[in-house]
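# Breakdown of the fold
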Amino acid sequence: MSNLTIKNLRKSYGDTEILKGIDLEVEDHDFVVFVGPSGCGKSTLLRSIAGLEEVTSGQILLDQNDITDVAPAKRDLAMVFQSYALYPHMSVGKNMSFALELAGESKDVIAKKVASAAEILELDKLLERKPKDLSGGQRQRVAIGRSIVRNPKIFLFDEPLSNLDASLRVQMRLELARLHKDLKATMIYVTHDQVEAMTLADKVVVLNAGKIEQVGSPIELYNRPANMFVAGFLGMPRMSFLTAQVASCTDTYVTIKLDAGAELTLPVQGHSLSKGSKVTFGIRPEHITVVEENAGMINTSVDASEHIGSDTFCYVKTTNNEDITIRTQSDCSVVDNSKIGLEFDISQSHLFDNDGIAIATRTTSVS
Amino acid sequence: MLLTLKQQRRLHTVAMGALAWLVALLIFFPIFWMILTSFKTEIEAFATPPSLFFTPTLENYITINERSDYFHFAWNSVVISFTSTIIGMLIAVPAAYSMAFFETKRTNFTLQWMLSTKMLPPVGVLVPIYLLFKDFHLLDSKTGLIIIYTLINLPIMVWMAYTYFKEVPKDILEAARIDGANMLQEIWRILLPMTKGGLASTVLLSLILSWNEAFWSLNLTAYNAAPLTSLIASYSSPEGLFWAKLSAVSTLACAPILIFGWISQKQLVRGLSFGAVK
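Residues numbered from 1 in each chain as written. Chains lettered and ligands numbered in written order. Predicted model: local features only at pLDDT ≥ 70, side-chain atom pairs only at ≥ 80, totals over all residues.

Further remarks concern the overall build of chain B. Within chain B one finds 14 helices and zero strands. Helices and strands in chain B line up, N terminus first, as α-α-α-α-α-α-α-α-α-α-α-α-α-α. Here chain B has a C-alpha radius of gyration of 23 Å; the compact-globule value for 278 residues is 19 Å, and the former is much larger. On the principal axes, the C-alpha backbone points of chain B span a range of 75 × 70 × 30 Å. Within chain B, the fraction of its 278 residues that count as buried is 33%. (Helix = DSSP H or I, 4+ residues; strand = E, 2+ residues; numbered from the N terminus. Rg over C-alpha atoms; globule rule 2.2 N^0.38 Å. Buried ≥ 20, exposed ≤ 12 C-beta atoms within 10 Å, placed from the backbone.)

Structure follows, in structure tokens:
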């Protein structure tokens, strides 16, 4: 059993605070993904867990032991770097056995562990080669192999797939998922790629500006984003936001008037809105239907459309110049600058208060 | 007539090649002339116009061998340059390691300040150094020269090692740290093997600079610790210059380092380009 607890972790460089109080629990066998825009502190958080960054304050506990000030080597963690960070002067086999050698393992044990890791990762035939003679995917596998042989309590991955081309990335993503299942290991994975986050994670941690915005399963975050940041960050293309005002409300219903025109009534649970409150209405591209002009909830004009084969993305502007993205079938043929009407699936919509915090709508709060 | 692009390129290559040869010959000429003169008699050495064709003689080399103990000076040169290089590397590697991987706000300034000390005219500190050496009984001692050579070559050695270390991705050292390497293991098993080419050229450069150094060896040694550069100087005697003998002794002094440099050409070129060519 190994679980990681992070308590009020802070990290500053001079006057700049990179991590502004992180609290997090990572359970045994969890695949946790840190995701967020660049500069949000996700890599710094991972490096702090690894012991490569000194933290300013706070605590990191591994199995109830305080490891905040323990040297990286003594933490019993393994890390896979974005650049692979293989030792260029050592063969693949040596790269994988280096840590075991340093730990003073016997030759037999080392040989056995390297062989079994090589088998898992299909590296058996490459053990004598130098990293420079390997392809990107193979290098990445060696970097993972180097972690596996140590049998660490937690695997740390720092954007491990971002140097690979698109098809290899998909393949390695599947391999990583398989590895996690086979090894039953605890893994923490940093990425800015939301597809990786959604597909790999048991638990996604969305970071922004040094703070955790939301923690939850991928589908939970997608269906019930806690705020506008998470709502806008997860989902491709991103959620569209329309400004609105509360026209009237009861305990269970809110009627809002979009600045773009329509009046919508949404079922809500426990809110502090009152008539006149400014709110933001959020709707994902896949929950909008294109209809004839004047036949829908609002009218818009088409800015541009992209046909990507399986779908068509339409970018439209409302009468008050707000942007909306729509995902429709591939055979949808809207003409640029033409006028179209839009129909929203209210049951899938989101509502945010003036501070960008989500208001639980009744439909989305039922999981 | 207009040249095609291909012809222009070829012409360019030929012209650049010719220019490079010309420069190389120009640089090599004094050495060539020195070797040539060392095989002439004193009279031939003086002749105007100088003679290109003559009967070579070993007379000068024989005289030198009789008059002075070449191997005494050569041994001093070897001991002083190798020891100062080894000590220099022992200081330069950790210094460069800390500056390359644990940079502070003042690292850049320190590096530039170190290099700027190389721009001072050595003669400016001759008197204080001389007096210090006298007080510490270091005059005409190999220890004294080793200390001086180590100090004057250190800035360049640190700077070069720093440049090579900077090329090593930080990730790799961090990976070693996570794999359980302590600082010594990190340097010895990862950093040094990865930069061995660059460090070899640093060693070579330090050896060459120490071997060729003349100012301090002339001023701080008499006989006991005198290296080959002092031997050469001793042949420019008050009774006038003996060109042939001077050339012979110079050839003998240059020969070891020249051969050494020839063998390690490849490393040296990389070293002198300061890592600019990867």
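Each partner contributes to the interface: chain B provides 14 residues, whereas chain A provides 17 residues. Contributing elements (two or more residues each) for the side of chain B that touches chain A: helix 8 (170-178) and helix 9 (183-194) of chain B. Per element, the largest residue contribution to the side of chain B that touches chain A is six residues, and it comes from helix 8 of chain B. Split by residue class, the side of chain B that touches chain A holds eight nonpolar, two polar and four charged. (Contact = placed C-beta atoms within 7 Å. Nonpolar A, V, L, I, M, F, W, Y, C, P; charged D, E, K, R; others polar.)

Along helix 6 (residues 126-135) of chain B, only one of the ten residues are buried, which leaves the element largely exposed. One or two positions beyond helix 6 of chain B, positive phi appears at His-137 of chain B, with a value near 55°.

Further remarks concern the sheet that holds strand 7 (residues 154-158) of chain A. Residue and element names in this part refer to chain A. Spatially, six strands are ordered 6-7-8-3-9-10 in an open sheet, and the strand pairing comes out mixed. In this open sheet, the two edge strands, each paired with only one partner strand, are strand 6 (77-80) and strand 10 (211-216). With strand direction ignored, the average angle separating the axes of adjacent strands in the sheet is 20°. Pairing of strand 7 with strand 8 (residues 186-191), which is carried by five bridges, proceeds in the parallel orientation. Considered in strand 8, the bridge of Phe-157 is made with Tyr-189. (Pairing = 2+ DSSP bridges. Axes fitted to C-alpha atoms, helices over the stretch in contact; angles between N-to-C directions.)

Residue and element names in this part refer to chain A. Put simply, Met-236 and Pro-237 share a cis peptide bond, and its omega is -15°. On the secondary structure map, Pro-237 appears in the loop between helix 8 (228-233) and strand 11 (240-249). Not every positive phi belongs to a glycine, and Glu-122 is a case in point at roughly 55°. Along the polypeptide, Glu-122 turns up in the loop between helix 3 (107-120) and helix 4 (136-148). Owing to 12 C-beta atoms within 10 Å, Glu-122 belongs among the exposed residues under this scheme.

Looking now at the packing of helix 1 (residues 5-38) of chain B against helix 13 (residues 243-263) of chain B. Residue and element names in this part refer to chain B. The contact between helix 1 and helix 13 brings their axes to 7 Å, and the two run at 120°. The interaxial crossing formed by helix 1 with helix 13 has left-handed handedness. Every residue of helix 13 that contacts helix 1 at Met-34, Ile-35, Thr-37 and Ser-38 is listed here: Trp-243, Ala-244, Ser-247, Ala-248, Ser-250 and Thr-251. In the contact of helix 1 with helix 13, the residues fall into five nonpolar, five polar and no charged. (Left-handed = near helix turned anticlockwise from the far one by under 90°.)

Another point: the domain arrangement of chain B. Residue and element names in this part refer to chain B. Under the domain assignment used here, chain B contains domain 1 (5-38) and domain 2 (70-272). Between domain 1 and domain 2, the C-alpha centre-to-centre distance is 30 Å. Taken together, the four residues of domain 1 in the interface contact six residues of domain 2. In the side of domain 1 that touches domain 2, the residues fall into two nonpolar, two polar and no charged. (Domains from an automatic or database assignment.)

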